[in-house]
Amino acid sequence: MKEKALQQARIEASQIRKEGTSVDIGSFFGLPSKVKQLFETNRGITKLYDWQVECLQLKAVQERKNLIYSLPTSGGKTLVAEILIMKELLCYQRDCMLILPFVSIVQEKVQIISEFANELDFIVEEYAGSKGRFPPTKRQKKKSLYIATIEKAHSIVNSLIESNRIDCLGLVVVDELHMIGEGNSRGATLESTLLKILTVKCATQIIGMSATLNNIKDLQTFLQAEVYSNDFRPVTLQEYVKVEDNIFKVNSKALDEDGFLVHERILTFPYTKEITQEDPDHLLGLVTEVIPEKSCLIFCATKKNCENVALLLSKLMCNHQRHLLEVNKDKRRQLLRELQQDGQGKLCPVLEYTVHFGIAYHHSGLTMDERRLIEEAYTSGVLCLLTCTSTLAAGVNLPAKRVILRSPYIGNSFIKFNQYKQMIGRAGRAGIDTSGESILIINSKDKMKVKKLLESPQDRCHSSLGYESGKGIKFFLLSAIGLKIVSTTKEAFEVMKKSLLHIQSSELDIEINSATAEALQFLVDTKLVAQTKSLDNVTLEEIFSLQVTQLGKATFKGSIDHAISCRLYEDLSQAKESLNLTSHLHLIYLVTPYDQAGVITPDWTIYFKQFCKLSDLEMKAAEIIGVPESYIGLKASGQTSRRKVCQTTLHRFYLALMLWQLWNQKSIWEVATNFSQTRGFLQNLLSQSASFASCVFHFCQELEDLWAYQDLLSNFVKKLAYCVTSELLPLMEVPGIKLARAKQLYAAGYQNVTLIAAADIPHLTACVPYLSKRSAKQIISAAKNVVEEKKAALLEEVETLVIVST
């Protein structure tokens with residue numbers, strides 16, 4: 001069936017070219033010549049690496065077979081994916097989906113690809129957080145590229161299968177395919193998405209990009225794919241380990257049984273006893289060998305350590321390298337003004353000091369606006385050193401001449417091989433450096449651990465479906481039954497045998513039939529699935545038909561964790577009897593994510609202080625929810641209470657109070673101070689809550705008795721996502737525009753998306769403070785894409801109405 005569908009897709013694409021209805025085909029891998037020009041003008045790419053040419057000319061690519069290609073970090077994998085996406089959109093005239101691991105990367109990629117979309121006449125749609133339509137808008141003319149997080153990609157595939165439109169999806173590209181082995185819900189969700197595509201026999205091609213793995217053959221078998229691997233790296237990488245005063249070179253010959261590593265060199269920086277006492281790890285010397293002419297990254301074990309190291313180096317430079325203050329002096333001052341502008345007049349005191357020396361910290365405690373400004377400043381050379389956590393290595397592409405790992409630990413855990421490789425993979429800037437360096441700083445006590453790390457084989461990637469006692473199996477089967485991919489117990493056992501989990505069952509010591517039976521029994525016991533004996537039982541083996549209940553349907557369509565769906569239903573049902581609508585506080589509590597309540601321990605003194613600021617009506621809402629003032633007061637004073645109060649409810653309401661203040665237009669700085677939290681934590685909480693609110697909305701749409709929430713949540717979800725006044729909401733729809741920028745644009749007269757789309761770059765940069773030409777170009781392109789998307793959706797709606805009326 002799948003071969004027939006693929007053959008039909010090839011015939012249709014060939015017919016499009018013969019009839020001349022497609023765009024002109026050029027010599028750039030069968031793409032229009034304009035695509036090559038855009039890569040040159042927008043990216044400065046004039047020539048592809050040899051491996052990229054080889055990969056694009058593979059027989060598997062030409063025959064539209066599934067493909068996995070594997071290279072080291074910074075090898076140029078993304079460009080190949082983008083060319084294949086363009087080919088699918090423009091030549092085969094079919095929609096595509098690009099799956100990325102993080103919301104921030106989705107937003108960044110939407111901005112970048114929007115410049116191509118406007119020129120090449122296709123639509124880019126963002127699916128992250130609360131953004132995205134389900135099912136996606138059906139378009140007759142323009143084709144769509146869905147850029148999605150793992151979770152949103154799963155929902156897109158579900159909605160396309162349910163609406164019988166999965167064959168419209170010509171290509172799915174998965175970045176960081178090895179995340180399928182993360183061992184958590186994200187890995188399970190990714191495997192579920194791909195397993196559904198493989199099971200429904202559609203003509204969708206799957207292409208996965210991956211780091212080098214030791215068991216890539218398992219993924220090859222699972223995806224029925226060809227594999228292309230290469231060890232190419234655009235710049236050579238030299239690894240070093242620093243132990244006390246000595247730096248050792250790492251290579252296969254350097255590892256010995258007794259001395260650990262062969263001595264390479266000592267520091268060139270003239271250290272005095274005084275400096276050594278302040279800087280025992282010699283960071284100043286390691287850094288000033290590189291900066292300010294070239295860039296450097298220092299990976300630290302914790303967020304606090306990032307800030308401390310940035311401050312330490314700045315103070316050392318102030319005392320011993322003061323000439324560094326003169327480098328890019330004016331541009332650094334401008335960066336501080338922009339950070340202050342984005343912070344609505346507030347500026348982090350650490351950054352206020354360190355930026356003058358070309359140093360900044362980068363971790364999840366910063367807002368996305370702050371991170372964007374710091375990343376842009378680093379890329380342009382205004383900043384030459386970032387102290388960061390390991391998340392930067394897995395996120396945005398910020399290479400450096402030298403990468404320093406401050407210790408072999410992430411938090412309190414010893415570093416894993418793939419984490420180490422990902423971090424040192426940032427060393428070396430393609431097109432700028434011919435080589436890159438990494439230096440791992442260790443204590444003598446960790447020598448043998450590090451030796452073992454460096455001698456480790458490549459990572460193995462294992463299925464995540466079995467995480468938390470088969471939670472991923474239950475997750476997959478519920479939606480597979482709901483989508484009618486599986487309709488009997490026999491089919492459930494059969495489909496699970498196509499999974500990566502089954503391929504690796506012996507290695508993981510999992511009996512797949514037992515695990516499947518256990519998952520099915522759980523779904524039946526929790527009343528998410530109904531099981532009845534089949535009437536056409538023609539074998540001796542007992543076969544039961546399976547069907548989702550209404551609650552089960554709401555659970556999978558709302559992308560609600562099945563472990564909390566019953567509780568969510570109970571909470572919503574109970575709340576509707578006494579829902580307090582004198583303010584939005586009760587509603588905000590109901591969409592505060594359950595899982596976030598488990599990651600925070602309330603400071604009871606802060607809790608009581610902020611609780612007491614509520615009005616009488618808001619306190620009444622708290623009482624209805626189940627959060628009594630007396631209980632919090634006792635906890636704040638260090639006393640115990642005999643009254644039983646649900647701890648999850650208390651924790652969720654504590655988070656809801658933070659959201660409530662953001663909802664009421666308090667700045668993220670003020671709320672962060674009020675609750676002693678980082679700005680990044682609050683922004684992430686807001687994003688998670690908006691996403692969960694969207695899930696709750698879809699959940700309620702499937703349950704008639706929760707009809708009231710459908711009306712209440714429809715506009716509430718969008719407003720919660722941004723927590724801005726109504727006039728700024730339209731501007732926030734444009735990828736890359738955050739609160740501070742929206743206010744600037746609105747004040748400059750750009751009060752809707754259409755006006756931004758029609759703007760010219762010089763006028764926009766002149767009207768909006770601290771807006772670079774590059775950022776202005778991306779904002780205009782993104783706004784044009786939003787306008788085109790809305791226009792296309794309206795045209796489709798009109799054409800549908802015309803067809804119906806005739």
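Residues numbered from 1 in each chain as written. Predicted model: local features only at pLDDT ≥ 70, side-chain atom pairs only at ≥ 80, totals over all residues. Heavy atoms only, no water.

Novice: Looking at this model, I keep getting lost on the packing of aromatic side chains. Mind explaining?
Specialist: The geometry of an aromatic ring pair comes down to the distance between the two centres and the angle between the two planes. Following the criterion strictly, the structure yields 18 aromatic pairs and no others. Measuring from ring centre to ring centre gives 6.3 Å for Y589 and F653, while their planes differ by 55 degrees; the resulting arrangement is tilted. Of this pair, Y589 sits in helix α26 (residues 585-590) while F653 sits in helix α31 (residues 647-663), and the two are 64 residues apart along the sequence. No difference in accessibility class separates Y589 from F653, as the two residues are buried. Here the aromatic cluster, defined as three or more aromatic residues joined through ring pairs, consists of W604, Y607, Y631, Y654 and F675. Here the guanidinium or amino end of R64 rests over the ring plane of Y92, the centre of that ring lying 4.4 Å away. For the cation-ring pair, R652 lies above Y589, with the distance from its terminal atom to the ring centre recorded as 4.5 Å. (Phe/Tyr/Trp six-rings, centres within 6.5 Å; stacked < 30°, edge-to-face > 60°. Helix = DSSP H or I, 4+ residues; strand = E, 2+ residues; numbered from the N terminus. Buried < 20%, exposed > 50% of the residue type's maximum accessible area, 1.4 Å probe, protein only. Lys NZ or Arg CZ within 6 Å of the ring centre and 35° of its normal.)

Novice: Where do I start with the UniProt feature "domain: Helicase ATP-binding" (unreviewed entry) in the protein in this structure?
Specialist: Using the residue numbers shown here, the UniProt feature "domain: Helicase ATP-binding" (unreviewed entry) corresponds to residues 58-231. This span, residues 58-231, is 41% helix and 21% strand, and a straight line between its end C-alpha atoms measures 17 Å. (UniProt positions renumbered as here; feature names shortened; annotations may be inferred.)

Novice: Just checking my understanding: could you explain the confidence of the model for the protein for this structure?
Specialist: A low pLDDT score tells you not to read the predicted coordinates there in detail. With 92% of its residues at a pLDDT of 70 or more, the protein has an overall mean of 87. In this model residues 9-24 is a low-confidence stretch, pLDDT under 50, and it forms 22 contacts with partners more than four residues away in sequence or in other chains. (pLDDT = per-residue confidence, 0-100. Contact = heavy atoms within 4.5 Å.)

Novice: Just to check I follow, could you spell out the layout of surface pockets for this structure?
Specialist: Unfilled space is identified by rolling a water-sized probe across the atoms. Space inside the second largest pocket adds up to approximately 720 Å³. Lining the second largest pocket are 24 residues, and of these S130, K131, G132, R133 and K718 sit closest to its centre. At the level of elements, β3 (123-127), α33 (679-701), α34 (707-722) and α39 (773-805) are the ones that each hand at least two residues to the lining of the second largest pocket. In terms of residue count, α34 provides more of the lining of the second largest pocket than any other element does, five residues in total. Taken together, the residues of the lining of the second largest pocket sort by class into 10 nonpolar, six polar and eight charged. (1 Å grid on protein atoms, 1.4 Å probe; cavity = no way out; pocket = protein on both sides within 12 Å on 5 of 7 lines; lining within 4 Å. Points joined across faces, edges and corners; volume = space filled by probe spheres on them. Nonpolar A, V, L, I, M, F, W, Y, C, P; charged D, E, K, R; others polar.)

Novice: Looking at this structure, how should I read unusual backbone geometry?
Specialist: Residues other than glycine predominantly adopt negative phi, and peptide bonds predominantly adopt the trans conformation. Cis geometry is adopted by the peptide bond preceding P135, which originates at F134 and carries an omega value of -10 degrees. Position of P135 among the secondary structure elements: in the loop between β3 and β4 (144-149). Of note, the amide linkage connecting I291 to P292 takes the cis form, showing an omega dihedral of 5 degrees. Tracing the chain through its elements places P292 in the loop between α11 (283-288) and β11 (296-299). The backbone of K201 sits at a positive phi, close to 60 degrees, despite the residue not being glycine. By the secondary structure assignment, K201 is in the loop between α8 (185-199) and β6 (205-210). Not every positive phi belongs to a glycine, and S469 is a case in point at roughly 60 degrees. When you line up the elements, S469 lands in helix α19 (residues 467-482). Residue S469 is classed as exposed on the basis of its relative accessible area, which comes to 61%.

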